[in-house]
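Now for the letters of each chain:
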Amino acid sequence: MNTLSRPEIGERLASAGYIADRDLTVALSLMQMLSRPLLLEGEAGVGKTAVAYAIASVHETELIRLQCYEGLDQSAALYEWNYQRQLLAIQARQGEAAGGLEDAVFSEKYLMERPLLAAIRRQKAPVLLIDEIDRADEEFEAFLLELLSDFQVSIPELGTITATTIPHVVLTSNGTRELSDALRRRCLYHHIDYPDVEREARIILARIEGAGAALALQIARMVENIRKEDLRKVPGVAETLDWAAVLVGLDIADLKDDPEAVHETLACLLKTREDKARFRREVTERLLGRVA
């Protein structure tokens, strides 16, 4: 999004199907001005990952995703050697000098790029999505911090590889553990909350073909009320879009016209046994009564 103004960023995101609020467009504007990583925090389902996909669409560039998990190590994130092919090459070259053989098998031909290495070697800067960094351990976070500072890596057999281009880096966190101060200082920061009714209705209109403005507003109001209930897992925007798609597929133009279908399709929003048990028909009817 080079040289784009904040309003232009919002327009480009909207054309890519992501309806951003003012604070997010400001954060993305600062991200492009400073070429800094952007750390997005918020509850699961608020659309953090979707921001990275929308940025890639705006840039018309590749998105490279690193999904973090407990025990993630450098080899899985950076590079590995193709040991099977190396072994076959060694067997085929039996009798060659050890030095020449080592140079041959530890070459680009046998190097397998993982997301972090791939992101710094692209000719056109990709979007590097480091998803759920809070699930990785502190050791990996420290390694990542070094990479984001220098954008170069050292491979013992090949030497230092410096970034061809600097990727647009987006990190997401659901807050399952506290991130280090060092990582936070390295990144710009934005917290994403569940959208308000108006913005969620706009998201529905942008993403669900056939959804009218009145129905989109009703769905957004209903979901807002559901989120205020005592739920084990609050439905995110993705669940809202699933529900909207189902209602449009059932040709429902007004939620109050078919309360039975509304109740039965709440399975799109409720993701645990406890939450489904809690939402008896009288609860659905009570919440429908608040939808204009």
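You'll find the protein chain entered in an unreviewed UniProt entry as ATPase, with Shinella yambaruensis given as the organism.

Enquirer: Pulling in residues and values, what's your account of the overall build of the protein chain?
Expert: On a plain count of helices and strands, the protein chain comes out with 15 helices and nine strands. Seen through its C-alpha atoms, the protein chain measures out along the principal axes to roughly 80 × 45 × 35 Å. In the protein chain, buried positions account for 50% of the 292 residues. Surface summary for the protein chain: the accessible area is close to 14,700 Å², and the carbon and sulfur share equals 47%. Between the mean site of the 35 positive side-chain charges and the mean site of the 48 negative ones, the protein chain shows a separation of 2 Å.

Enquirer: Give a detailed account of the pattern of salt bridges, specifying residues and quantitative values.
Expert: Evaluated as defined, the whole model comprises 15 salt bridges. Here Glu41 ties to Arg184 by a salt bridge, and the two come within 2.9 Å at their closest N and O atoms. Within this pair, whereas Glu41 is found in strand β1 (residues 38-41), its partner Arg184 is found in helix α9 (residues 181-186), the two being separated by 143 residues in sequence. By relative accessible area, Arg184 is classed as partly exposed at 23%. A salt bridge links Arg232 to Glu274; the shortest N-O distance between them is 3.0 Å. Pair noted here: Arg232 is in the loop between α11 (213-227) and α12 (237-249) and Glu274 is in helix α14 (residues 273-278), with a separation of 42 residues, a long-range link. Of the residues examined, Glu274 reaches a relative accessible area of 44% and is grouped as partly exposed. Three or more residues joined by partner-sharing salt bridges are found here, namely Glu62, Glu113, Arg121 and Arg122.

Enquirer: Please provide a residue-by-residue account of the sheet that holds strand β2 (residues 63-67), values included.
Expert: Ordered in space as β2-β5-β8-β1-β9, the five strands form an open sheet in which the pairing is parallel. Edge strands, defined here as strands with exactly one partner in the open sheet, are β2 and β9 (188-191). The average angle at which neighbouring strand axes cross in this sheet is 20°, direction not considered. The pairing of β2 with strand β5 (residues 127-131) spans five bridges and is classified as parallel. Counterpart to Arg65 in the pairing with β5 is Leu129.

Enquirer: Help me get a handle on the packing of α11 against helix α15 (residues 281-288), residues and values and all.
Expert: Between α11 and α15, the shortest axis-to-axis distance is 10 Å and the interhelical angle comes to 125°. In terms of their interaxial angle, α11 and α15 are classed as oblique. Where α11 crosses over α15, the two elements pack in a sense that is right-handed. Each of Met222, Asn225 and Ile226 in α11 lies in contact with α15, whose residues at this interface are Thr284, Leu287 and Leu288. A breakdown of the residues in the contact of α11 with α15 according to their chemical character gives four nonpolar, two polar and no charged.

Enquirer: Provide a residue-level description of unusual backbone geometry, including the pertinent values.
Expert: Look at Glu60: it is not a glycine, yet its phi comes out positive at around 55°. Inspection of the secondary structure puts Glu60 in the loop between α3 (48-59) and β2. Its relative accessible area of 67% is what places Glu60 among the exposed residues. Even without being a glycine, Phe151 presents a positive backbone phi close to 50°.

About the thresholds
Residues numbered from 1 in each chain as written. Predicted model: local features only at pLDDT ≥ 70, side-chain atom pairs only at ≥ 80, totals over all residues. Heavy atoms only, no water. Helix = DSSP H or I, 4+ residues; strand = E, 2+ residues; numbered from the N terminus. Buried < 20%, exposed > 50% of the residue type's maximum accessible area, 1.4 Å probe, protein only. Areas by Shrake-Rupley, 256 points an atom, 1.4 Å probe, with all protein chains shown as cover. Lys, Arg positive; Asp, Glu negative; His and termini not counted. Charge placed at Lys NZ, Arg CZ, Asp CG, Glu CD. Salt bridge = Lys/Arg side-chain N within 4 Å of Asp/Glu carboxyl O. Pairing = 2+ DSSP bridges. Axes fitted to C-alpha atoms, helices over the stretch in contact; angles between N-to-C directions. Parallel < 35°, antiparallel > 145°, perpendicular 65-115°, else oblique. Left-handed = near helix turned anticlockwise from the far one by under 90°. Contact = heavy atoms within 4.5 Å. Nonpolar A, V, L, I, M, F, W, Y, C, P; charged D, E, K, R; others polar.

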